[in-house]
Amino acid sequence: MSYYDQVKEASDAIRARVRDVPQIAVVLGSGLGDFATSLADAVTMPYGDLPHWPASRVIGHDGKLVVGRTAGKDVAALAGRVHAYEGHDLATVTFAVRVLGLLGVRTLILTNAAGGVNTGFSQGALMVIDDHINLMGQNPLVGANDERFGERFPDMTEVYSARLRAIADRAGKGIDLLLPHGIYVALVGPSYETPAEIRYLRAIGADAVGMSTVPEAIAARHMKMEVLGLSCITNMAAGVLPRPLDHAEVMETARRIRGQFIALLEGVIGQI
Ligand code: HPA
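Overview of the structure.

Conventions we followed
- Residues numbered from 1 in each chain as written.
- Predicted model: local features only at pLDDT ≥ 70, side-chain atom pairs only at ≥ 80, totals over all residues.
- Heavy atoms only, no water.
- Helix = DSSP H or I, 4+ residues; strand = E, 2+ residues; numbered from the N terminus.
- Salt bridge = Lys/Arg side-chain N within 4 Å of Asp/Glu carboxyl O.
- Buried < 20%, exposed > 50% of the residue type's maximum accessible area, 1.4 Å probe, protein only.
- Near = heavy atom within 4 Å.
- Polar contact = N/O pair within 3.5 Å; in protein donor to acceptor, adjacent residues only side chain to side chain.
- Areas by Shrake-Rupley, 256 points an atom, 1.4 Å probe, with all protein chains shown as cover.
- Nonpolar A, V, L, I, M, F, W, Y, C, P; charged D, E, K, R; others polar.
- Pairing = 2+ DSSP bridges.
- Contact = heavy atoms within 4.5 Å.

1. What about the environment of Glu-252?
Part 1 of the reasoning: Among the structural elements, Glu-252 can be located in helix 8 (residues 247-256).
Part 2 of the reasoning: The spacing of Glu-252 and Val-188 is 64 residues in sequence and 22 Å in space, taken between C-alpha atoms.

2. Details of the pattern of salt bridges
Part 1 of the reasoning: For the structure shown, the criterion picks out 10 salt bridges.
Part 2 of the reasoning: Between Asp-34 and Arg-258 there is a salt bridge whose closest N-O contact spans 3.3 Å. Of this pair, Asp-34 sits in helix 2 (residues 34-37) while Arg-258 is found in helix 9 (residues 258-271), placing the two residues 224 residues apart along the sequence.
Part 3 of the reasoning: Here Arg-258 falls in the partly exposed class, since its relative accessible area comes to 35%.
Part 4 of the reasoning: Linking Glu-249 and Arg-243 is a salt bridge whose minimum nitrogen-to-oxygen distance equals 2.8 Å.
Part 5 of the reasoning: On the accessibility criterion, Glu-249 (12% relative accessible area) is buried.

3. Regarding the site of the ligand
Part 1 of the reasoning: As a structural note, the neighbourhood of the ligand is formed by Ala-113, Ala-114, Gly-115, Tyr-192, Glu-193, Val-209, Gly-210, Met-211, Thr-234, Asn-235, Leu-245 and Val-250.
Part 2 of the reasoning: The contact in question runs from a nitrogen atom of the ligand to an N or O atom on the backbone of Ala-113, over 3.3 Å.
Part 3 of the reasoning: Here a nitrogen atom of the ligand sits 3.3 Å away from a polar atom, N or O, in the main chain of Gly-115.
Part 4 of the reasoning: Look at the ligand: alone it shows 260 Å² of surface, and the protein chains cover 95% of it.
Part 5 of the reasoning: At the level of secondary structure, the elements contributing two or more residues to the shell around the ligand comprise strand 5 (107-116), strand 8 (208-210) and strand 9 (226-236).
Part 6 of the reasoning: The dominant element in the shell around the ligand, judged by the number of residues it contributes, is strand 5, at 3 residues.
Part 7 of the reasoning: A per-class count over the shell around the ligand returns 7 nonpolar, 4 polar and 1 charged.

4. Looking at the pairing of strand 1 (residues 24-28)
Part 1 of the reasoning: For strand 1, a buried count of 5 out of 5 residues is recorded, marking the element as mostly surrounded by other parts of the structure.
Part 2 of the reasoning: Neither face of strand 1 is open: one carries Ile-24, Val-26 and Leu-28, the other Ala-25 and Val-27, and all of them are buried.
Part 3 of the reasoning: Sheet topology places strand 1 next to strand 4 (residues 73-79); 5 bridges connect them, and they run parallel. The residue bridging Val-27 from the neighbouring strand is Leu-78, located in strand 4.
Part 4 of the reasoning: By the bridge criterion, 4 bridges tie strand 1 to strand 5 in an arrangement that is parallel. Its bridge partner lying in strand 5, Ile-24 is registered against Thr-107.

5. A few points about the pairing of strand 5
Part 1 of the reasoning: Within strand 5, 10 of the 10 residues are buried, leaving the element largely enclosed by the surrounding structure.
Part 2 of the reasoning: Here strand 5 pairs with strand 8 via 2 bridges, running antiparallel. For Gly-116, the partnering residue across the bridge sits in strand 8 and is Ala-208.

6. Quick look at helix 4 (residues 95-103)
Part 1 of the reasoning: The element helix 4 is extensively covered by neighbouring structure, given that 8 of its 9 residues are classed as buried.
Part 2 of the reasoning: Those residues of helix 4 lying buried are Phe-95, Ala-96, Val-97, Arg-98, Val-99, Leu-100, Gly-101 and Leu-103.
Part 3 of the reasoning: Structurally, helix 4 contributes buried residues whose contacts are with helix 1 (3-17), strand 1, strand 4, helix 3 (90-93), strand 5 and helix 7 (214-222).
Part 4 of the reasoning: Looking one or two places after helix 4, you find Gly-104, whose phi comes out positive at around 120°.

By themselves, these are just geometric observations and shouldn't be taken as functional.
Following this line, the structure appears as structure tokens:
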């Protein structure tokens, strides 16, 4: 079965389970899955129940799609994503985004846990992604182009919608949240960066670094979805503070700010 047909089957399976098809979707980063359980009138679909859906094995990723309502809108929330560092190719990494696109989602909010490269950031801050730098050495659009998804050479001039970034600013103000903006750099991982790599990333213009989001943003733009990116700065990047990094700290910080994170998402979704 072709990749497109697999995506189509998964999207049809979701359509059969929901009453109203959402036009907004949120992909939830490490430790940020609680938003999914905050939705009202929710239909929960464990990834294992959806045809062809790849399973994530990272701790802190639940592995379910929840469709429900918040701020007066129908929303799909994905708790758990698969990453390139798990050994998946980027077609697999972007499968969920492709499914959402075929389902009819027009606005995609991509969230992640990220390291703070910009030393002006504080741990626990939320950052609006203004643009990205893809240092994964891979691109999800490599291979034969399927025109049913989009064109061969999609424009990437405004991956992260200026309109949605302005909405995020308004939503941040509404809850008295300082919301810095910045450039997100994606590396494949799974090892964290060295201090020398972080100095390099700072020199090329990075504010935050992580291991996700960029392939999904590229696939979403290929399908002409409007994208918003939000990073939770779960830790200062390697070498900024005189101590090692660990995944437990990433999870702990994400949990600590979950109330703010959910309030920000609700504010954004209400204004879309
Ligand atoms: N580096 C890369 N990915 C991350 C980090 C980091 O410091 N923190 C959370 N995800």
